[in-house]
Amino acid sequence: MDFSTLIKFTATALCSLSVSANASVSLTEVPQGLTVQGRIIQPNGMPLEDSHVSFNIKVLSPGPETCVLFEENRTVNMTNSKGIINFTLGSGENGATVVNTGPLLPIHQVLKNSSAINGLTACAAGYTAYVPQPGDARKVRVTFTVGSDTITLSPDFQMRSVPYALESENAVALSGKKAADFIQASANVTQEKADTLFLPANFDGLLSLLNPAASPPSVGTIGIPSSDGTAAPPARDGLMRYDENTQTVQVSVGGQWQPIVTGNTTVGSSNIADGSIGTADLASNSVTAAQISSNAVTTDKILDEAITSDKLMNMSVTNSKIADGAITFNKIANGAISTSKIVDSAITSAKILDGSIVTADMADSAITSAKIADGTIVTSDVADSAITSAKIDDGTIVTADLANNAITTAKIADGNVTDAKINTVSGSKVTGSIPGNAAGFNGALSGDVTGGQSSTVVTALQGRSVANVGPGAGQVLKWNGSQWTPQADNNSGGTITSVGAGTGLTGGGSSGAVSLGLTNTGVGAGWYGSSTVIPTFYVDSQGRITAVSNVAAAAGAACGGTPHGRVTLAVNCGTAAVTQCLNGGNVSLGTVLVPNGCDGDGDGF
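What this report covers is the structure whose coordinates are included nearby. No experiment lies behind these values; they were computed from the predicted model shown. (Residues numbered from 1 in each chain as written. Predicted model: local features only at pLDDT ≥ 70, side-chain atom pairs only at ≥ 80, totals over all residues. Heavy atoms only, no water.)

Attention now goes to the overall build of the protein. Helix and strand counts for the protein stand at three helices and 26 strands. A burial count over the protein gives 16% of its 605 residues as buried. Nonlocal contacts in the protein, meaning residues at least 24 apart in sequence, comprise 37% of its contacts between residues at least 6 apart. Element-wise, carbon and sulfur atoms account for 54% of the exposed surface of the protein, whose accessible area totals about 44400 Å². (Helix = DSSP H or I, 4+ residues; strand = E, 2+ residues; numbered from the N terminus. Buried < 20%, exposed > 50% of the residue type's maximum accessible area, 1.4 Å probe, protein only. Contact = heavy atoms within 4.5 Å. Areas by Shrake-Rupley, 256 points an atom, 1.4 Å probe, with all protein chains shown as cover.)

In structure tokens, the structure reads:
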């Protein structure tokens, strides 16, 4: 497709904006984008209205570097569009994809001539940057693809500013100054604070601080206004002044001027309000014991948990400093009281609540037999499973320690009673059968087995004697009519171990009498066909007739009186023509040889 004729294709930078005299506008309210408008006409005079047209639009620098400053791809359905396109580059329209050109600047920045654009990835050979010059324009290159044809409009379009676009940046400026030229109001920067800061006296003080070599201000020393002779403080607390009469710096607190620093004097307790000095006002180690009067620190002056163990010297807290009942359970950390902190005999039974000492409170081996009075531990004092074998020394439990019937069968694990633990067992104590080794068996065996325990011999099976002959390799034990004797096996050595029934067969097996039979095909036994019907058959791949049906013979005269389907031989001395009557006509089936030639009567026999 040749799109050599293209008309009305324009590129316009839309950065213009008209504003009324009293209007205010931010940069985000100014249209940011490059509008590309046009109409594509085919050589036949018809507008392009293809359903899938791919566009690539580049903004190029005007010089020999020809750097791609901005690039965007999009696919457009131009059906019923009359060939008209209308794009806004850089506005984030749906379907538009921005190509990475390096710095990836927004469209309005690539149109500025204020600073160099570095790190560009698509430039003419030898260039990677574009340094705009005053008055530089930009070029727009449009390429579109329809089917397999790709067309680049040539030459590139020169982009010029539309009316008012040259002054569009001033739409968000005040007397030519941009937003960055002003200080933004915030929670800390307000008009009220600025007015206070720039009072004549405060401003003079600020200048003095900024320029120490300059002459001192006319009033105050650090920009604090001096007293005007009135006693009324300002309405807002926190403002300060310098009082010449008392030579003090005063601050307005609660509607009164209060000095905060006095000349040539120290700060006494009368100058410090109760609670006005917090922890942050005190340097580390600034308050020493010498600066605290006796009994000056009372309980209500100590915060909960303020006094920790690392703030107390060893032995500094004596019994006389602890009130009765002052130390409770919740004031003692777990593990805080060690054995060395408890005087001998200090903990008596009267000081221990029943059940308050659990197993976790007692160290291993803490309770010795010397600490347990005889008879003080009864069965109810011992929890179930509390006494294990690991807690009982070998030999410590003697017969006198066990109550009658205390050891039952359920309390003896299997295998725990060994031979070494049994002196003797009388016959009266053994009942039932004894499985396993018959050690200590006395007496002789009889029947099929004879001999003693160490010389037992099997002499018969089920009362029939076994020959005392050693078997040979591969022999089996056979009955020879009078005794069991080793003999050769009658196995003929065959290899067939099973017979399986294949397709159309039943039966089979791997043992016993194995037989095979034909499966029933579903075709009933009997004759098929007659003088009026013709039988048809279906034969499967195994040669079986699995279906039979009768088809009526075609109407028509019989074959000279021959019934339908009958085969006839016409003999002629040594040969016979074979025909069959089918559908009212004779069909030749071929010829056959007749032995003996002609016998005189013409029948061949």
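So, on to the pairing of strand E11 (residues 248-253). Successive side chains on a regular strand alternate, one facing one side of the sheet and the next facing the other. Relative to E11, strand E10 (residues 240-243) is paired through four bridges, and the arrangement is antiparallel. Directly across from Arg-241, in E11, lies its bridge partner Gln-250. Joining the antiparallel neighbours E10 and E11 is a turn of four residues, in which Gln-247 adopts a positive phi near 50°. (Pairing = 2+ DSSP bridges.)

What follows is about the sheet that holds strand E26 (residues 585-593). Ordered by their spatial adjacency, three strands build an open sheet running E24-E25-E26, and the pairing between neighbours is antiparallel. Of all strands in the sheet, those with a lone pairing partner are strand E24 (567-572) and E26, marking the two edges. Between one strand and the next, the sheet's axes are offset by a mean angle of 25°, whatever the strand orientation. Here E24 pairs with strand E25 (residues 575-582) via six bridges, running antiparallel. In the strand pairing of E25, Thr-568 is matched with Thr-579. (Axes fitted to C-alpha atoms, helices over the stretch in contact; angles between N-to-C directions.)

Turning to a nonpolar patch on the surface, a few remarks are in order. A cluster of nonpolar side chains, namely Ile-272, Ile-277, Leu-282, Val-287, Ile-292, Val-297, Ile-302, Ile-307, Leu-312 and Val-317, defines an oily patch on the protein surface of about 780 Å² accessible area. By the secondary structure assignment, Ile-302 is in the loop between strand E12 (256-262) and strand E13 (449-450). (Patch = residues over 30% accessible without salt bridge, like charges linked within 9 Å, V, L, I, M, F, W, Y side chains within 5 Å. Salt bridge = Lys/Arg side-chain N within 4 Å of Asp/Glu carboxyl O.)

Taken together, three strands build an open sheet; the order of strands is E19-E20-E21 and the sheet is antiparallel. The sheet is open, and its two edges are formed by strand E19 (499-500) and strand E21 (516-518), each paired on a single side. Across two bridges, the pairing between E19 and strand E20 (residues 505-509) is antiparallel. By the bridge assignment, Val-499 is partnered in E20 with Gly-509.

Relative to the helices and strands, Gln-580 is located in strand E25. For the pair Gln-580 and Thr-562, spaced 18 residues apart in sequence, the C-alpha separation works out to 9.1 Å. The residues contacting Gln-580, other than those within four sequence positions of it, are Gly-565, Arg-566, Val-567, Gly-585, Asn-586, Val-587 and Leu-589.

Here the structure, examined in full by the defined rule, presents three aromatic pairs. One aromatic cluster in this structure is built from Phe-55, Phe-87 and Phe-144. Seen from the ring of Phe-87, Arg-74 lies directly overhead, with NZ or CZ sitting 4.6 Å from the centre. (Phe/Tyr/Trp six-rings, centres within 6.5 Å; stacked < 30°, edge-to-face > 60°. Lys NZ or Arg CZ within 6 Å of the ring centre and 35° of its normal.)

Let's shift gears to unusual backbone geometry. Here the bond from Ser-154 into Pro-155 is cis, since omega is 0°, no more than 30 degrees from zero. Even without glycine at this site, Gln-462 takes up a positive phi of about 55°. Relative to the helices and strands, Gln-462 is located in the loop between strand E15 (460-461) and strand E16 (464-465).

By the definition in use, this model includes five salt bridges. Where Arg-544 meets Asp-540, a salt bridge forms, and the shortest distance between an N and an O atom there is 2.8 Å. A relative accessible area of 23% means that Arg-544 is categorised as partly exposed. A residue is classified by how much of its surface remains accessible, and Asp-540, at 13% relative accessible area, is buried.

Here the focus is the pairing of strand E7 (residues 138-146). Counting buried residues along E7, seven of its nine residues qualify, which places the element largely inside the surrounding structure. Bridging between strand E3 (residues 53-60) and E7 involves eight bridges; their strand directions are antiparallel. Considered in E7, the bridge of Val-53 is made with Val-146. Pairing of E7 with strand E9 (residues 157-159) involves three bridges; the strand directions are antiparallel. Residue pairing in the sheet places Lys-139 in a bridge with Gln-158 of E9. Of the strand pairs in this sheet, E7 and strand E8 (residues 149-152) are connected by four bridges, and their pairing is antiparallel. Across the sheet, residue Phe-144 finds its bridge partner in E8, namely Ile-151.

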